[in-house]
Amino acid sequence: MSSVSQLENANPVIFQRSVERLLTASDEDEEIHDPIDNREIFDLIRSINDPEHPLSLEELNVVEQVRVQVDDVGSTVGVEFTPTIPHCSMATLIGLSIKVKLLRSLPQRFKIDVHITPGTHASEEAVNKQLADKERVAAALENSSLLEVVNQCLSPRGL
Amino acid sequence: MAADSALLLSLVEEFVSGQQDSKAKDTAKGVKDGQFTVLQLVEALGPCLTNSQAHTRARGVQLLSEVLLECYEELTEREVEVLIAFYENRLKDHYVIIPAVLQGLKALTKCTVLPPGSAVSMLRSLFQDVHVQSLMLAERACVYNMLINLMESREVELKGLGADFVFGFVQSMDGERDPRNLLLAFQIAKNLIRRGYNQGKFTEELFEVTSCYFPIDFSPPPNDPHGITKEELIQTLRDVLTGTPKFAEYLLPLLIEKLDSDVQSSKLDSLQTLASCVSEYEHKDLAEFLEGLWTSLRREVFQTSSEKIESAALAALTALTSCLSRSVLNSDSEDSLSAFMDLVLKDCKHHLCEPDLKLVWPSAKLLQAACSASNRASHMVTAAVMPALIEQYNSRTQCAHRRTLLEVVQRFVQSVKTCQSSDSDVNMFSDFREALCTIAFSAISESNSNLQITAASVLTSLAQQKGLLSEADIQRAVDHLCRLLLIEDDDRVSLAVVECAGTLAELHPDAFITTLIPKLKEHMFSEPMDQDREASEQNTHHALRQRCLSALAAVSTQPCVVKESTPVILQVLSSAHKGHGGFTVEEVVQACCCLQRISEKVKDTEETGRCFHDDIIPRLVALTLQATLQGESPLAQEEVLCALVPVISTSCSRLQPQLAAQTADRLVSLFLDGDVSFLPDNSLPANICLLKPQKQHDDSCSQSQLVCLLMACVCSLPKTLEVPQCDRLLLELEGLSCTSLHPLSYTSAAKCFAGLVNKRAQGDSLSLLIERTIQRVCSELDCSSSSVRTQTFTLLIWVSKALLLRYHPLTSAFTDKIFSLLDDAELGPMAADSFSLLMSDSADVLSRGCHADVRIMYRQRFFSENSHKLVQGFNAAPQEKKPNYLKALSNIVSKLPQQVQVTELPALLSLLLEALTCPDGGVQLSTLSCLQPVLINPPQTLIQQLEALVSRLLVLISSAQMNVRVASLRCIHTLSYFPVHEVLPFRARVLRALAKPLDDKKRLVRSEAVIARGEWFLLGSPGGR
């Protein structure tokens, strides 16, 4: 955030936050197995902070529940995210944050795929390729200044 | 006398040459006791004071000053005069002497006998001879304290000094850096301003010298011994800066400048200072800065980054607008309020009409903030904004847009409500009434649930505007609400509708009596499902009845409505009893809850009292009595009876004490003598015995269970009312509670007994009663073959609770019995559980709502008197009994207030850690819930046992019980906030262990695991913590 002197998108459109997931009776029933569903994955990533604005990815509509696909039995998760502007230089960073958040929050059995919503970014393919490459993600997290920014995105926002 | 002067000389000698500081105290004591006078002291000091060595002189003056600090009250005016002259002269002396001189002067400023003119001369010499900022911290504080003392006692004299005083002060504090001294300096500045000292031409200097600290940026050092907080400094400085309109021309530009800052706290401080300063200002002070202020405020709201700043900006705008509205206008000045409102409207209004509605909320909030400031402002805003909003709403087609606009309208109506004075004759919205109603009614008729909800709140706000809506409007609103209640099955909508109906019914009861209640009644009793109808349809009908019942409860706040609504509910109960209408037990329970809500909310008038005591309660008792005698009806079910208890108890505790006494009288004679004459139904048998356990029957549906209704009534009477035939009643209740086999019967009898004991007046009869009870209880419990041990134990717990609450001295006889039962093979687990009952509030008896005698902090008292017994018992108990003690402990501790937990727990820590390994899930859970608040501010003892704690918690995250898993994960989450160097060694281990619950089968567990694991990942990582 400090590296950019000028915000790329100074006045983004702000979207409403969705309400907290309602607790149902089956959530409290010991016997019932709750499958991991789209909403649960969305809840994991919606509160990630944007690297540029004091807003969450949900408020910027970068992530949406409809763009989350999960298969609990097959252990796969797919997340599409939409940068606010097609030339957003933060796209890789946002993707990395989502990926790290999911890596930290999901059971190991899951295969996690994070990519840009088709047709919403200029260098879509390059970013997708970076995010899909395990080695590069691991290398990125070795870089302490990159890890610092990612951790800031993942820190719970104070009031 | 000679001895005294020798003593004095030796004291002086030892202090000055011997450097013994304690001698000053001795000397002061001598002066105080009259052993020697101040004059003698000065004479004795003579050689030192005239010594050529500056250090000796300093030591001499120091002794004198310290003595004066102790004995300034005993000086005469003459002495003071001489001393002041001396000290003033000494100010010119060598710098090492100055600290002592200032101490002495400070002592003298505290004198009540200060000769006239001396204050002025003291200050003149001070300002002339001393450069305050080159003194040390303590000496600077000394100067400020002198000023404060003199300002307290010599105000008139100091004012005579004129602007010189202000100038002197400005010079002394210029460059002050220490927060402790700043607090003093700000206090002086505040006094200068508030008490009307003449500032002459030094106003700007005074402002400069204080405002240079604004905004305060101060963080106290760790383990701050002085206890000065940033907030304290901010507040005192704000008092100075906002104290006078004379500062306006300097302060306002400064605030505008600071608002541009990037630092959040300085923005916030500026906004709050702005809001508080304008309360002193007039429009002419503000005039030239209005534009700048508005630009800054607008920017803060439009581009806000935090809610705190936004709300501070809005509050500042409200304050600013009300300042402008308050000012008296001259004939030649222009109306600054209307000029300002033009500015606001020009910048905000067009955003309300933009096609994408992007800035509609910030603009609306700004306008509403201005609107709520004053009557005139709201007139201007509504006149300009309302037509535009109405037109916008009508021209939009998207539901989301319409809803936004509707919400904006609602906020406007709401914001005007806060400022409308009672004497205003015409409502501000009367011009828009028709249009607003049309909008609201059209929105509520839409199919979109969000629109319906918003429309309901618009209707509520409109109805709260005095004299705005006409009868016909209300009628239409009621029709709409009624329609939605009957057809809409979205929970959020019906909640909003019920809420709206509740508010409207309080203001306009008539429409509800004539339309809504009859209609709901009709639909509730409409012949529901045949057996062959589909289950889904039965569900919808059930949901409809639920909505109708909650609506009935919500609208019944006015006595006249209650009169109409309660018969409907009673009819539900009686048809359920007769088996008509297909009411389920759940619906009956709901009807009871509905009655209870009414009895809680309704206004306590003669009329409602009669309604409840003469009509509802007798009918309820008659119905349940019949039901119990027949045994088949849903009204004989335990859950229905338990739902009826709060109805009776609330009406007896809350409504019309005289009538409640009458009800109690009737119920007691019904239960003791079988007197059924007051019951509306005369088909009942004449001699029924309700307080005798029926051993011969199968006890599934015992008549004696009705004792819970008696309990509800007699235990909730106000303390002033006597319970009729109390002794006989107690005897019968004791008998029933110790002999009945039916759990509801013996528990209710025990509770009723306890409730009466709790309120019984102190005295011999009470002591006798208690003695009798304890004997009976102990003899039953000690006989291990007795068949009624459980029953007796129930009585024991409830009576213990009754006595514990009122601090009765015999309490310990009962509670010790419970402690001893922890080792009992049969009752041990029950005894452990009973502590939870003892420590928690019970809903139906022995609560403050029932006028019970409840002393404050009885829990803490019980804990501090008994915790050692538990620890001893635990250590002495055989292994298989230990869990009982742990459970008892966790039951007690988890009910203590958090502050007490935090202070008391370190002592019990090893026991609690032991409790975590106890196999009982309940013990684990309550121990975890006690531990968690303690973990937020971990005591040192806990950190020493971190290894044990972590390993035990990590075991619990794979517990079989879901809530134990959740609670242990929460504790592990809290652990991550411990000092980093303490927990970092556990990071890898915890992260590995937390991977497993991420795949838990329950979502609630997974989400806790995610939060905890996320925090542990951030621990010690760059960018984390």
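Only a predicted model underlies this, so the values are computations on that prediction, with no experimental measurement involved.

Undergrad: Explanation requested: the overall build of chain A in the structure shown.
TA: Secondary structure summary: chain A contains six helices and three strands in total. Along the chain direction, N to C, the helices and strands of chain A fall in the order α-α-β-β-α-β-α-α-α. Taking 159 residues into account, the globule formula puts the C-alpha radius of gyration at 15 Å, and chain A, at 16 Å, falls close to it. Along the first, second and third principal axes, the C-alpha set of chain A runs to 55 × 35 × 30 Å. In chain A, buried positions account for 45% of the 159 residues. Considering only contacts within chain A whose residues lie at least 6 apart along the sequence, 66% involve residues at least 24 apart. Approximately 8,700 Å² of chain A is accessible, and the part contributed by carbon and sulfur atoms is 53%. Between the mean site of the 14 positive side-chain charges and the mean site of the 26 negative ones, chain A shows a separation of 4 Å.

Undergrad: What is the right way to read the overall build of chain B from this model?
TA: If you tally the helices and strands in chain B, you get 50 helices and zero strands. Relative to the globule expectation of 31 Å for 1025 residues, the C-alpha radius of gyration of chain B, 39 Å, shows a markedly less compact shape. For chain B, the proportion of its 1025 residues judged to be buried stands at 56%. Pairs at least 24 apart in sequence give 74% of the contacts found in chain B among residues at least 6 apart. Summed over its atoms, the accessible surface of chain B is roughly 42,700 Å², and 51% of this surface lies on carbon and sulfur atoms. Looking at chain B, you have 95 positive and 121 negative side-chain charges, and the mean spots of the two groups are 3 Å apart.

Undergrad: Please clarify how the interface of chain B and chain A should be interpreted in this entry.
TA: The parts lose accessible area when they come together, and the size of an interface is often stated as this lost area. Taken together, the contact between chain B and chain A spans 23 residues of the former and 35 residues of the latter. Roughly 2,400 Å² is buried in total at the junction of chain B and chain A, and carbon and sulfur atoms are behind 48% of that figure. For the interface between chain B and chain A, the tally reads six salt bridges. Between B:D999 and A:R109 there is a salt bridge; the shortest N-O distance is 2.7 Å. At the boundary of chain B with chain A, the tally comes to 20 residue pairs in polar contact (both at pLDDT 80 or more). Of the residues forming the side of chain B that touches chain A, the biggest block, eight residues, is contributed by helix α50 (residues 1003-1018) of chain B. Looking at the side of chain B that touches chain A, its residues break down into eight nonpolar, six polar and nine charged.

Undergrad: Explanation requested: the pairing of strand β3 (residues 111-116) of chain A in the structure shown.
TA: On a regular strand, one side chain projects to one face of the sheet and the next to the other, so that they alternate. All names here are of chain A. Covered by surrounding structure in β3 are I112, V114 and I116 only, the residues K111, D113 and H115 on the alternate face being uncovered. Here strand β2 (residues 76-81) pairs with β3 via six bridges, running parallel. Directly across from E80, in β3, lies its bridge partner H115.

Undergrad: What is the right way to look at the confidence of the model for chain B in this model?
TA: Atom-level detail of predicted coordinates should not be read off regions where pLDDT is low. Predicted confidence across chain B gives a mean pLDDT of 86, with 96% of residues reaching 70 or more. No element of chain B has a lower mean pLDDT than helix α1 (residues 2-16) of chain B, which averages 78, and none a higher one than helix α49 (residues 987-995) of chain B, which averages 94.

Undergrad: How do you make sense of unusual backbone geometry when you look at a structure like this?
TA: Outside of glycine, negative phi angles account for most residues, and trans bonds account for most peptide bonds. Look at the link from B:F214 to B:P215: it is a cis peptide, with omega at -10°. Within the fold, B:P215 resides in the loop between α12 (203-211) and α13 (230-241). Of note, A:N61 is a non-glycine position whose phi angle comes to about 60°, a positive value. In this fold, A:N61 is placed in the loop between α2 (38-46) and β1 (68-71).

Undergrad: Got a minute to help me understand the sheet that holds β2(A) in this structure?
TA: For sheets, the rule is that strands pair by backbone hydrogen bonds, running either parallel or antiparallel. Residues and elements named next belong to chain A. Taken in spatial order, the three strands line up as β1-β2-β3 in an open sheet, and their pairing is mixed. Looking at strand neighbours, the two that pair on one side only are β1 and β3, the edges of this open sheet. Averaged over neighbouring strand pairs, the angle between their axes works out to 10° when direction is ignored. As paired elements, β1 and β2 share four bridges and run antiparallel to each other.

Undergrad: What's the story with helix α20 (residues 360-371) of chain B in this structure? I'm lost.
TA: For an α-helix the count is 3.6 residues per turn, leaving residues at separations of three or four pointing the same way. Residues and elements named next belong to chain B. Counted at 1.5 Å a residue, the expected span for α20 with its 12 residues is 16 Å, and the 16 Å between its end C-alpha atoms agrees. Of all the 12 residues making up α20, 10 are buried; the element is thus mostly covered by neighbouring parts of the structure. Those residues of α20 that fall on the buried side of the exposure criterion are V360, P362, S363, A364, L366, L367, Q368, A369, A370 and C371.

Undergrad: Can you help me understand the layout of surface pockets in this one?
TA: Over the atoms rolls a probe the size of a water molecule, and its path tells where empty space is left. Looking at the second largest pocket, its volume works out to about 500 Å³. Listing elements by their share of the lining of the second largest pocket, those giving two or more residues are α3 (91-105), β3 and α5 (134-142) of chain A together with α50 of chain B. A per-class count over the lining of the second largest pocket returns 13 nonpolar, one polar and six charged.

Undergrad: For this particular structure, what's the right way to read the side chain of B:R965?
TA: Mapped onto the fold, B:R965 is located in helix α47 (residues 962-975). For B:R965, a relative accessible area of 7% translates into the label buried.

Undergrad: Please clarify how the packing of helix α25 (residues 471-487) of chain B against helix α26 (residues 491-507) of chain B should be interpreted in this entry.
TA: Geometrically, a packed helix pair is captured by the angle between its two axes and the distance between the axes. Residue and element names in this part refer to chain B. One can describe the packing of α25 onto α26 by two numbers: an axis separation of 10 Å at closest approach and a directional angle of 150°. When the axes of α25 and α26 are compared, the crossing they make is left-handed. Across the interface between the two elements, A477, L481, L484 and L485 of α25 pack against V497, V498, C500, A501 and L504 of α26. The residue inventory of the contact of α25 with α26, partitioned by class, reads nine nonpolar, no polar and no charged.

Undergrad: Looking at this structure, how should I read the state of the cysteines?
TA: Residue and element names in this part refer to chain B. Applying the stated criterion across every chain yields a total of zero disulfides over all chains. Cysteine C71 is unpaired, with the sulfur of C111 as its nearest cysteine sulfur at 10 Å. This cysteine, C752, is not joined by any disulfide, and C715 carries the nearest cysteine sulfur, 4.2 Å off.

Undergrad: Before we go on, may I ask you to explain a negative patch on the surface in this structure?
TA: Residues and elements named next belong to chain B. The grouping of E204, E205, E208, E249 and E288 at the surface amounts to a negative patch. The dominant element in the negative patch, judged by the number of residues it contributes, is α12, at three residues. Mapped onto the elements, E204 comes out in helix α12. You can call E204 partly exposed: its relative accessible area is 37%.

Undergrad: Sorry, what's going on with the nonpolar core here?
TA: In terms of nonpolar packing, the biggest core is built from 336 residues, with B:F165, B:L252, B:L286, B:F340 and B:L670 touching the most fellow members. Among all residues touching B:L286, those that are not within four sequence positions of it are B:L252, B:V278, B:Y281, B:L293, B:L320, B:C323 and B:L324.

Undergrad: I'm lost on the UniProt feature "domain: MIP18 family-like" (unreviewed entry) in chain A in this one. Help?
TA: As recorded in UniProt, the sites labelled "domain: MIP18 family-like" (unreviewed entry) are residues 39-114 of chain A. Split by type, residues 39-114 of chain A is 30% helix and 18% strand. Its first and last C-alpha atoms lie 16 Å apart.

Undergrad: Would you explain helix α39 (residues 811-821) of chain B in this entry?
TA: What α39(B) keeps buried is the set B:T811, B:F814, B:T815, B:K817, B:I818, B:F819 and B:L821. Packed against the buried residues of α39(B) are α37 (764-782), α38 (789-805), α40 (828-839), α41 (858-876) and α42 (882-895) of chain B.

Undergrad: In this structure, what is going on with the environment of A:C153? I would like to understand it.
TA: All names here are of chain A. On the secondary structure map, C153 appears in helix α6 (residues 144-154). Since its relative accessible area comes to 4%, C153 is described here as buried. Spatially, the C-alpha atom of C153 lies 5.7 Å from that of I48, the residues being 105 residues apart in sequence. Contacts of C153, omitting those with residues within four sequence positions, involve I48, N49, P51 and S97.

Definitions and limits used
- Residues numbered from 1 in each chain as written.
- Chains lettered and ligands numbered in written order.
- Predicted model: local features only at pLDDT ≥ 70, side-chain atom pairs only at ≥ 80, totals over all residues.
- Heavy atoms only, no water.
- Helix = DSSP H or I, 4+ residues; strand = E, 2+ residues; numbered from the N terminus.
- Rg over C-alpha atoms; globule rule 2.2 N^0.38 Å.
- Buried < 20%, exposed > 50% of the residue type's maximum accessible area, 1.4 Å probe, protein only.
- Contact = heavy atoms within 4.5 Å.
- Areas by Shrake-Rupley, 256 points an atom, 1.4 Å probe, with all protein chains shown as cover.
- Lys, Arg positive; Asp, Glu negative; His and termini not counted.
- Charge placed at Lys NZ, Arg CZ, Asp CG, Glu CD.
- Buried area = accessible area lost by both parts, 1.4 Å probe.
- Salt bridge = Lys/Arg side-chain N within 4 Å of Asp/Glu carboxyl O.
- Polar contact = N/O pair within 3.5 Å; in protein donor to acceptor, adjacent residues only side chain to side chain.
- Nonpolar A, V, L, I, M, F, W, Y, C, P; charged D, E, K, R; others polar.
- Pairing = 2+ DSSP bridges.
- pLDDT = per-residue confidence, 0-100.
- Axes fitted to C-alpha atoms, helices over the stretch in contact; angles between N-to-C directions.
- Expected span 1.5 Å × (residues − 1).
- 1 Å grid on protein atoms, 1.4 Å probe; cavity = no way out; pocket = protein on both sides within 12 Å on 5 of 7 lines; lining within 4 Å.
- Points joined across faces, edges and corners; volume = space filled by probe spheres on them.
- Left-handed = near helix turned anticlockwise from the far one by under 90°.
- Disulfide = S-S within 2.5 Å.
- Patch = residues over 30% accessible without salt bridge, like charges linked within 9 Å, V, L, I, M, F, W, Y side chains within 5 Å.
- Core = buried A, V, L, I, M, F, W, Y, C linked by side-chain atoms within 4.5 Å.
- UniProt positions renumbered as here; feature names shortened; annotations may be inferred.

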